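# What the coordinates show
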Amino acid sequence: MKKVDAIIKPFKLDEVKEALNEIGIQGITVSEVKGFGRQKGHTELYRGAEYVVDFIPKIKLEIIVADDILPKVVEAIEKSAKTGRIGDGKIFVTPVEAVVRIRTGETGEDAL
């Protein structure tokens, strides 16, 4: 099993969710996060004063998937989140050693 963490632009959430739904992904954890990469933030004007916004709002998706569906998940996120502009985000894939469904005690892929 693998954990897929995807950092995407907030307005792309619905498209990504639909793309994942189409390939059969049922469980997703979504968090509102802030950060920056190569963008290094931007400047904004507020009440006549200019200030730097270092952290840009993003959405973080966390999905645990079976190894066999991993390529489809990564491709679905990549295609649906892409705008072609700076700040589209990143996808991280890490191994998962164990999963336990608390309610039933199921383990491994059965718990997904």
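In short, a report on the structure. (Residues numbered from 1 in each chain as written. Predicted model: local features only at pLDDT ≥ 70, side-chain atom pairs only at ≥ 80, totals over all residues. Heavy atoms only, no water.)

On the secondary structure map, Leu61 appears in strand β5 (residues 56-65). Look at Leu61 and you get buried, because its relative accessible area is 1%. (Helix = DSSP H or I, 4+ residues; strand = E, 2+ residues; numbered from the N terminus. Buried < 20%, exposed > 50% of the residue type's maximum accessible area, 1.4 Å probe, protein only.)

Attention now moves to helix α1 (residues 13-22). Every buried residue of α1 is listed here: Val16, Ala19 and Leu20. Relative to the axis of α1, the buried residues are bounded by an arc of 95 degrees and lie together on one face. Facing away from the buried side of α1 by more than 90 degrees, the exposed set consists of Asn21 and Glu22. At its buried positions, α1 is contacted by β1 (2-8), β5 and α2 (70-81). Count one or two residues on from α1 and you reach Gly24, which has phi positive near 95 degrees. (Arc of directions from axis to C-beta. Contact = heavy atoms within 4.5 Å.)

By themselves, these figures tell us nothing about what the structure is for.
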